[in-house]
Amino acid sequence: MISTATPSLPKSADIPSLAEVDASFRSVALFFFAKAAFWLIAGAFLLLLASIKLHAPAMMSGAAWLTYGRLAPAGWDILVYGFAGQAGFAVGLWLLARASMQRLQSSLLVLAGGVLWNVGVLAGTIGILAGYSTGRELLEMPAGAMACLVVAAGLIGSAGWITFAARTESQTYPSAWFVLLSLISFVWFGSVALMMYSGEGPRGVMQVLVQRWYANGITSLWLGGIAAATIFHFLPHTLNRPLASRSLALIAFWSLAFFAPWAVTAHGDPFPRWIISVGIAGQFMASIAILAIAMNWWKTAEGSLNALLASPGARLIGLAAVAYVASGALDLLMAFQRFSSWTRFSWMHQGLDWLLVGGAVIAGLFAIIPDVIARSTGQALSPGLVRLHATLTLVGVSLIAVPLVVGGGIQGARLSDPTMPFMDALRASMHLVRLSSLGLVVFLLGQFVFAFALFGVFRSLVAACATTVRTWADPVSKNRTAGVRS
Amino acid sequence: MNSTPLLFLGILIALASSWWGVLVAPSLQIGNAPTVFSKETGQHYPANRPGLAQQGAEIYRSEGCNSCHSQLVRPEGFGNDLARGWGKRRTVAQDYLRDNPVLLGSVRIGPDLSNIGYRMGAGDTNAQPVMVAYHLKHLYHPRTVAPGSVMPAYPYLFEKRPIQGSPSASALKLEGAFAPPEGFEVVPTPEATALVAYLLSLRSGVSLAEAPVPPPPTNAVETATSSTNAAPASAPTR
């Protein structure tokens, strides 16, 4: 594709061992995963509260910050920025460093970015709950909070690119490309959106186009890129066989990067017709990427699908791969007028979001996170808890996403009869929405298990640290007393 | 793929192309679109929103009403928005030219609100107070007017206070389980009043060249109105 010039490689003496690469992640892994685990619980909790309020709309209605229209966006943004983005950065950098056979460079930049990122998420969440939401989907956080996120992502992303540039491995891997794409994407979409909204801001429906461009860009490239990278790394790794095709991965990479960001419109939008056509054409072109990815993963896994049931991590990565491809397929279906007329605005919208963010991104990240923690800190999460967490996450995400997609289908089918009252169509799908609330409970329980397991790691790290200090301090104090006495 | 600067550049070109295609190029058209003169109303369309209604738009944004309500009517053949009486015609870019923020929404847990200002007996000049009363009651507790509604109640946009002397003229007429205790009344805060002014300003019905309002030979709109909960003004029973 692009040039094949090999970078000048450092001498073999400078090539770190894998263990050294892993060890360079110690503080980053601990910081990012601890914060991410906290946010995941917070986000899932707010979303659960919001979904309960759908069934009991007058419950706790006295407090403005607990109203559905604030809880739901705040909860979702926490899931996306607090967990998926944050854990995604850490996992992405780790994949990148391993693929580059290089220690994480400029880890201070990463930690500074991490602090700023969490400040941004906290400020943004408070902003939404306090009523300062911008009302733009995925961009609800007030501009100040968004600016924090963009700068933070810039710091973290540059460390990633610096690490990649200092690689000691001449061959680059697909997982590394997707991480690099992901690292640029947030900074790009975030900063351009912020700039376009500043001052007078765009006029009329341009406001919507900017929001859709941002939301679509960060879901398909920033989050989707991390999900793809995770699966590209973990699938061959788990099955212990090489990726089926590097050239298919290359096609997937460039078609995703070039076409996915165009898919910003849907049938029936109030935009000039050519803009709608351009967006829908983009959607069709982007499915080349999904097709190439699906074929590649399938050919890699074909014949040893059983291995995908063997361990908690493998099961999660299996779910992630299926969810990634399924959400891409549903996106493609939405580009058809019939399907879009039928399902647009229904629960399928949330179902699709959960499929990608919950299924592909969150499940995919959790397939790798225990490994990253164990290798970088030397302390493994309790295997029993990891297995329990994986099961609860798997069941939870499936119970959330599938009923919403199916419920959306039912709601849409009912609504396609114009004499069917709107509320009756809604009621016909509410039992499935209730099922997805149950899924949220299971999912939330799982995240408590993970937090508990992570707490275990911190405890043993502190214990190990204390032992080190004691063995180091004891002889000193003995010597000193001995010296004084004699 | 082995040269870092080239990979960086490639990604940047990929990302910039979509920015140019879906943001820069459209903004040349939409950013410069003029308001159009409507013979029907003798005014330029769209007009600026009156101050109170604009304040209401901010409440709508801040409460996240767009998490459940859309504001766009799709054309014939793209779903049943028209047949449901959610508008006399599809909505087009022109309708949103003066809106800020533009809250199209992507989910419909509740009905579309593009034309909520027309529903419930529009045209009847006496309808205005009836509509205001309806929306206030609905916001205070949706189930007062729409049994089984899943829309949240917004009691914090109202004040429950002891009646001082004679009851306030703006007090809500609440019955049964929803009524305040004896000696108390429920009055809307300025936020609630502004929000209702905004709702009543939601009207995309002016006939446009690209989206003409078809002549009304059928009673499609009327039958469809009953598919939502809004009672027609001619029957203000609730």
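Residues numbered from 1 in each chain as written. Chains lettered and ligands numbered in written order. Predicted model: local features only at pLDDT ≥ 70, side-chain atom pairs only at ≥ 80, totals over all residues. Heavy atoms only, no water.

Q: Lay out the overall build of chain A with the relevant residues and their values.
A: A tally of helices and strands in chain A yields 14 helices and zero strands. Start at the N end of chain A and walk to the C end: the helices and strands fall as α-α-α-α-α-α-α-α-α-α-α-α-α-α. By the compact-globule yardstick of 23 Å for 486 residues, chain A fits well, its C-alpha radius of gyration being 24 Å. Counting only C-alpha atoms and orienting by the principal axes, one finds that chain A spans roughly 100 × 60 × 55 Å. A total of 486 residues make up chain A; the buried ones form 60% of that total. Contacts in chain A between residues at least 24 apart in sequence constitute 83% of all its contacts with a sequence separation of at least 6. (Helix = DSSP H or I, 4+ residues; strand = E, 2+ residues; numbered from the N terminus. Rg over C-alpha atoms; globule rule 2.2 N^0.38 Å. Buried < 20%, exposed > 50% of the residue type's maximum accessible area, 1.4 Å probe, protein only. Contact = heavy atoms within 4.5 Å.)

Q: Run through the interface of chain B and chain A, naming residues and quoting values.
A: Taken together, the contacts link 79 residues of chain B with 90 residues of chain A. Of the roughly 7000 Å² buried at the junction of chain B and chain A (both faces included), carbon and sulfur atoms supply 64%. Inspection of the region where chain B meets chain A yields one salt bridge. A salt bridge links R70 of chain A to E63 of chain B; its shortest N-O distance comes to 2.9 Å. Mapped onto the side of chain B that touches chain A, the elements with two or more residues apiece are α1 (4–30) and α2 (51–63) of chain B. (Buried area = accessible area lost by both parts, 1.4 Å probe. Salt bridge = Lys/Arg side-chain N within 4 Å of Asp/Glu carboxyl O.)

Q: I'd love a proper account of the packing of aromatic side chains, names of residues and values included.
A: All names here are of chain A. This model, assessed by the stated rule, comprises 32 aromatic pairs over all chains. For the ring pair F178 and F232, a centre distance of 5.2 Å and an interplane angle of 15° mean the geometry is stacked. Placement of F178 in helix α6 (residues 174–197) and of F232 in helix α7 (residues 206–239) is noted, with a sequence separation of 54 residues between them. F178 gets classed as buried once you look at its relative accessible area, which sits at 0%. (Phe/Tyr/Trp six-rings, centres within 6.5 Å; stacked < 30°, edge-to-face > 60°.)

Q: Can you tell me about unusual backbone geometry, naming the residues and giving the values?
A: Among all residues save glycine, negative phi is the norm, and among peptide bonds the norm is trans. Omega for the peptide link from Y45 of chain B to P46 of chain B comes to -5°, which places this bond in the cis form. With respect to the helices and strands, the residue P46 of chain B is situated in the loop between β2 (43–45) and α2. Residue P101 of chain B is bonded to the preceding N100 of chain B through a cis peptide linkage, with omega at 0°. One non-glycine residue with positive phi stands out, namely M60 of chain A, at about 50°. If you trace the backbone, M60 of chain A turns up in the loop between α2 (26–55) and α3 (68–100). One non-glycine residue, L138 of chain A, lies in positive phi territory at about 70°. The residue L138 of chain A is located in the loop between α4 (107–129) and α5 (143–165) in this model. According to the relative accessible area criterion, L138 of chain A is buried, its value standing at 8%.

Q: Just give me the short version of a nonpolar patch on the surface, but keep the residues and values in it.
A: Residue and element names in this part refer to chain A. Side chains of L435, L438, V441, L445 and F448 sit close together on the surface and give an oily, nonpolar patch of about 430 Å² of accessible area. Note that L438 resides in helix α14 (residues 422–485). Accessibility expressed as a relative area gives 46% for L438, which makes it partly exposed. (Patch = residues over 30% accessible without salt bridge, like charges linked within 9 Å, V, L, I, M, F, W, Y side chains within 5 Å. Areas by Shrake-Rupley, 256 points an atom, 1.4 Å probe, with all protein chains shown as cover.)

Q: Residue-level account of helix α9 (residues 273–301) of chain A, with values.
A: Taking 1.5 Å of rise per residue, the 29 residues of α9 of chain A would be expected to cover 42 Å, and the 42 Å separating its terminal C-alpha atoms lies within 8% of that figure. At the C-terminal side of α9 of chain A, G303 of chain A shows a positive phi close to 90°. (Expected span 1.5 Å × (residues − 1).)

Q: Lay out the packing of α2 of chain A against α3 of chain A in plain terms, naming residues and giving numbers.
A: Residues and elements named next belong to chain A. It is at 8 Å that the axes of α2 and α3 come closest, and there the two elements cross at 155°. One finds that α2 runs roughly antiparallel with respect to α3. Of the two possible hands of crossing, α2 and α3 adopt the one that is left-handed. Residue composition of the contact of α2 with α3, by class: 24 nonpolar, four polar and two charged. (Axes fitted to C-alpha atoms, helices over the stretch in contact; angles between N-to-C directions. Parallel < 35°, antiparallel > 145°, perpendicular 65-115°, else oblique. Left-handed = near helix turned anticlockwise from the far one by under 90°. Nonpolar A, V, L, I, M, F, W, Y, C, P; charged D, E, K, R; others polar.)

Q: Residue-level account of the pattern of salt bridges, with values.
A: All names here are of chain A. Within the structure shown, the criterion is met by 14 salt bridges over all chains. For R344, the salt bridge goes to D269, with nearest N and O atoms at 2.8 Å. One end of the pair, R344, is in the loop between α11 (337–343) and α12 (348–377); the other, D269, is in the loop between α8 (246–259) and α9, and 75 residues separate them in sequence. Note that D424 and R427 form a salt bridge whose closest N and O atoms lie 3.0 Å from each other.

Q: An account of the nonpolar core is needed here, citing residue identities and associated values.
A: Residues and elements named next belong to chain A. Counting 188 residues, the largest nonpolar core has Y81, F186 and Y324 as the members making the most contacts within it. The element that contributes the greatest number of residues to this core is α3, accounting for 21 residues. Among residues more than four places away in sequence, those in contact with Y81 are Q86, W117, V121, L138, M141, L149, F186, Y214, I218 and W222. (Core = buried A, V, L, I, M, F, W, Y, C linked by side-chain atoms within 4.5 Å.)

Q: Residues and numbers for the confidence of the model for chain B, please.
A: Residue and element names in this part refer to chain B. Overall, the prediction assigns chain B a mean pLDDT of 87, with 87% of residues at 70 or greater. No element of chain B has a lower mean pLDDT than helix α5 (residues 220–225), at 44, and none a higher one than α2, at 97. Within the model, the stretch residues 220–227 combines pLDDT values under 50 with 10 contacts to residues more than four positions away or in other chains. Note on residues 229–238: pLDDT under 50 across the span, and 18 contacts to partners over four residues away in sequence or across chains. The ipTM value of the predicted complex is 0.91, and its pTM value is 0.93. (pLDDT = per-residue confidence, 0-100.)

Q: I'd like a description of α8 of chain A, backed by residues and values.
A: Residue and element names in this part refer to chain A. Here α8 contains 14 residues, and its C-alpha end-to-end distance of 20 Å stays within 8% of the 20 Å for a straight helix at 1.5 Å per residue. Residues of α8 that are buried: L248, A249, L250, A252, F253, W254, S255, L256 and A257. Among the residues of α8, the N-terminal cap falls to S245, whose side-chain oxygen and the backbone nitrogen of S247 are separated by 3.3 Å. (Polar contact = N/O pair within 3.5 Å; in protein donor to acceptor, adjacent residues only side chain to side chain.)

Q: Quick one: what's the story with the packing of α3 of chain A against α4 of chain A, residue by residue and with numbers?
A: Residue and element names in this part refer to chain A. In contact at an axis separation of 9 Å, α3 and α4 are set at 170° when each is read in the N-to-C sense. It follows from the interaxial angle that α3 and α4 lie roughly antiparallel. Here R70, L71, A74, D77, I78, Y81, G82, Q86, F89 and L93 of α3 come into contact with α4, specifically with V110, G114, W117, N118, V121, T125, I128 and L129. Residue composition of the contact of α3 with α4, grouped by class: 11 nonpolar, five polar and two charged.

Q: Tell me about the environment of L316 of chain A, residues and numbers included.
A: Among the secondary structure elements, L316 of chain A is positioned in helix α10 (residues 312–334). L316 of chain A has contacts with A363, F366, A367, A390, T393 and L394 of chain A, leaving out every residue within four places of it along the chain.

Q: How would you explain the environment of A464 of chain A if you had to name every residue and give the values?
A: Residue placement: A464 of chain A occurs in helix α14. Considered as a pair, A464 of chain A and Q379 of chain A are 85 residues apart in the sequence and their alpha carbons are 9.7 Å apart.

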